[in-house]
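What the coordinates show
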Amino acid sequence: MKLTVLSGGVGGARFTRGLLAHLARTAPGSQVTVIANTGDDMWLHGVRVCPDLDTLMYTLGGAVHEEQGWGRREESSRVSADLAAYDVGWEWFTLGDLDLATHLARTQWLREGLTLSEATARLSARWRLAEQGVRLLPMSDQPVETHVEVDGGLIHFEEWWVRHRAALPARRFVQVGLDRASAAPGVLAAITDADAVLLPPSNPVVSVGTILAVPGIREAVRATRAPVVGVSPIIGGAPVRGMAAECLAAIGVSATAEGVARHYGLRERGGVLDGWLVDTADAATAELLAADGWRSAATDTLMRDVPATARIAAELLALAGR
Ligand code: GDP
Ligand code: CA
């Protein structure tokens, strides 16, 4: 089976890990392509930081800080502490010492002229992703950075998210560089040739929304013969973690399982989805969507651990008819 996942960081990485566990048992030899959001990327201390790619790589490579959901386990922050003593950089954005090695390696390769896709493939090799049947692709090789319009102008998404904890009212999100960006090699083919395209419970605005905004990607998702199905990141009117509600508010979408489904839209009516898996807390939404022509079902969608997440992935594949 060939599956393609459009992923942000923590939500997408946890989902993909569960999907791989499910496939290892039921469909060995399957190929999973993960198309990662790179809208959160930035230059910091002279290195290129790609938060969502790295969260995916560490999670699928078995090196993630489990409770935190991102970064390396057994991490330290001596370099960041010393940088703070020089009063440089963003003191609210810590780069772990082990994590810095990733950014240094990537930056060295980018400086040598490799594309982000090529650098990502080299980083992924160390974490043995191919041996698990996973290919990790950035959405684009051109830099696209999400900025947030707040009172006083535009700030980088990470500054709004990490420094201000999404507390500054956001007027809109702007993807700087989008007009010069194209889908990375392999991205459009992975969507077109998939047996199913999966939207994990990633942030619909600044993770999946940014991927879909890359020229050609939304069109490929709309045109693929594969079923396109997703898991709601909203359970009972609230995101499970993170600040997706603030992002949805900024674009005028209600933070409910139904609001997000309608925002993505049904493919036969111009949207990107055929099916939507919601939590049992939102069972009424599943019924409502089913009556309106959607493939929809309700199940426990809390990604407590790998077995629970593997079961969610199995339910999503069932919704896709795979
Ligand atoms: P980020 O880039 O690290 O913010 O991660 P993503 O965009 O991939 O995922 C963030 C989203 O995952 C949040 O909006 C949460 O609502 C959602 N999420 C996190 N954990 C769970 C879970 O256990 N179940 C469900 N359904 N959604 C979750
Ligand atoms: Ca992210």
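Residues numbered from 1 in each chain as written. Chains lettered and ligands numbered in written order. Predicted model: local features only at pLDDT ≥ 70, side-chain atom pairs only at ≥ 80, totals over all residues. Heavy atoms only, no water.

What follows deals with the nonpolar core. Counting 52 residues, the largest nonpolar core has Trp160, Phe173, Ile191, Ile217, Tyr264 and Trp276 as the members making the most contacts within it. Here this core takes four residues from helix H11 (residues 257–264), the largest share from any one element. The residues contacting phenylalanine 173, other than those within four sequence positions of it, are Thr146, His147, Val148, Phe157, Trp160, Val205, Val206, Cys247, Ala250 and Ile251. (Core = buried A, V, L, I, M, F, W, Y, C linked by side-chain atoms within 4.5 Å. Buried < 20%, exposed > 50% of the residue type's maximum accessible area, 1.4 Å probe, protein only. Helix = DSSP H or I, 4+ residues; strand = E, 2+ residues; numbered from the N terminus. Contact = heavy atoms within 4.5 Å.)

Below, the discussion takes up the coordination of the calcium ion (ligand 2). The expected angle between donors at a tetrahedral four-coordinate metal is 109.5 degrees. At an octahedral six-coordinate metal it is 90 or 180 degrees. Protein ligation of the calcium ion (ligand 2) involves Asp40 (OD), Asp52 (OD) and Asp52 (OD), the donor distances falling in the range 2.1 to 2.7 Å. Pair noted here: aspartate 40 is in the loop between strand S2 (31–36) and strand S3 (42–44) and aspartate 52 is in helix H2 (residues 51–60), with a separation of twelve residues, a long-range link. What makes aspartate 52 buried here is its relative accessible area of 7%. (Donors = N, O, S within 2.8 Å, 3.2 Å for Na, K, Ca; no water.)

This part takes up the site of ligand 1. What surrounds ligand 1 is a group of 20 residues, the closest being Pro201, Ser202, Ser207, Pro233 and Met303. One of the backbone N or O atoms of valine 10 is found 2.8 Å from an oxygen atom in ligand 1. When residues of the shell around ligand 1 are assigned to their parent elements, the largest contribution, three residues, is made by helix H1 (residues 10–26). Residues that form the shell around ligand 1 fall into these classes: nine nonpolar, nine polar and two charged. (Near = heavy atom within 4 Å. Polar contact = N/O pair within 3.5 Å; in protein donor to acceptor, adjacent residues only side chain to side chain. Nonpolar A, V, L, I, M, F, W, Y, C, P; charged D, E, K, R; others polar.)

Another aspect to go through is the environment of tryptophan 43. The residue tryptophan 43 is located in strand S3 in this model. For the pair tryptophan 43 and threonine 107, spaced 64 residues apart in the sequence, the C-alpha separation amounts to 9.6 Å. Excluding its chain neighbours within four sequence positions, the residues that come into contact with tryptophan 43 are Arg48, Thr107, Arg111 and Glu145.

Relative to strand S14 (residues 295–299), strand S13 (residues 275–279) runs parallel, the two sharing five bridges. Paired with aspartate 279 across the two strands is threonine 299, which belongs to S14. One crossover worth recording links S13 to the parallel S14 by way of helix H12 (residues 283–291), and it is right-handed. (Pairing = 2+ DSSP bridges. Right-handed = clockwise from strand over helix to strand, strands pointing away.)

This brings us to the packing of aromatic side chains. By the definition in use, this model includes seven aromatic pairs. Between tyrosine 58 and tryptophan 127 the ring centres are 5.9 Å apart and the planes differ by 75 degrees, which places this aromatic pair in the edge-to-face class. Of this pair, tyrosine 58 sits in helix H2 while tryptophan 127 sits in the loop between helix H5 (116–126) and strand S5 (134–138); the two residues are 69 residues apart in sequence, bridging distant segments of the chain. When sorted by exposure, tyrosine 58 lands in the same class as tryptophan 127, which is buried. Each residue in the set Phe157, Trp160, Trp161 and Phe173 is aromatic and connected to the rest through ring pairs, giving one cluster. The aromatic ring of tyrosine 58 is capped on one face by arginine 72, whose charged end is 5.6 Å from the ring centroid. (Phe/Tyr/Trp six-rings, centres within 6.5 Å; stacked < 30°, edge-to-face > 60°. Lys NZ or Arg CZ within 6 Å of the ring centre and 35° of its normal.)

The next point concerns the packing of helix H4 (residues 97–111) against H5. Their axes nearest at 9 Å, the elements H4 and H5 cross at an angle of 140 degrees. Taken together, the axis directions place H4 and H5 in an arrangement best described as oblique. Relative to H5, the crossing made by H4 is right-handed. Of the residues in H5, those touching H4 at Thr102, Ala105, Arg106, Trp109 and Leu110 are Leu116, Ala119, Arg122 and Leu123. Its residues assigned to classes, the contact of H4 with H5 comprises six nonpolar, one polar and two charged. (Axes fitted to C-alpha atoms, helices over the stretch in contact; angles between N-to-C directions. Parallel < 35°, antiparallel > 145°, perpendicular 65-115°, else oblique. Left-handed = near helix turned anticlockwise from the far one by under 90°.)

Of note in this structure, histidine 45 is not a glycine but carries a positive phi near 55 degrees. You can see histidine 45 is positioned in the loop between S3 and strand S4 (47–49). Under the relative-accessibility criterion, histidine 45 is labelled partly exposed at 34%. At arginine 128, a residue that is not glycine, the phi angle is positive and equals roughly 55 degrees.

Before going further, it helps to spend a moment on the sheet that holds strand S8 (residues 172–176). Read from one edge of the open sheet, three strands run S7-S6-S8, paired in antiparallel fashion. This sheet does not close on itself; its edge strands, each paired only once, are strand S7 (153–156) and S8. If you compare each strand with its neighbour and ignore which way they point, the axes differ by 35 degrees on average. Where strand S6 (residues 145–150) and S7 come together, four bridges link them in antiparallel fashion. Note on S7: the bridge partner recorded for valine 148 is isoleucine 155.

Fair warning: the whole summary comes from geometry, so function is off the table for now.
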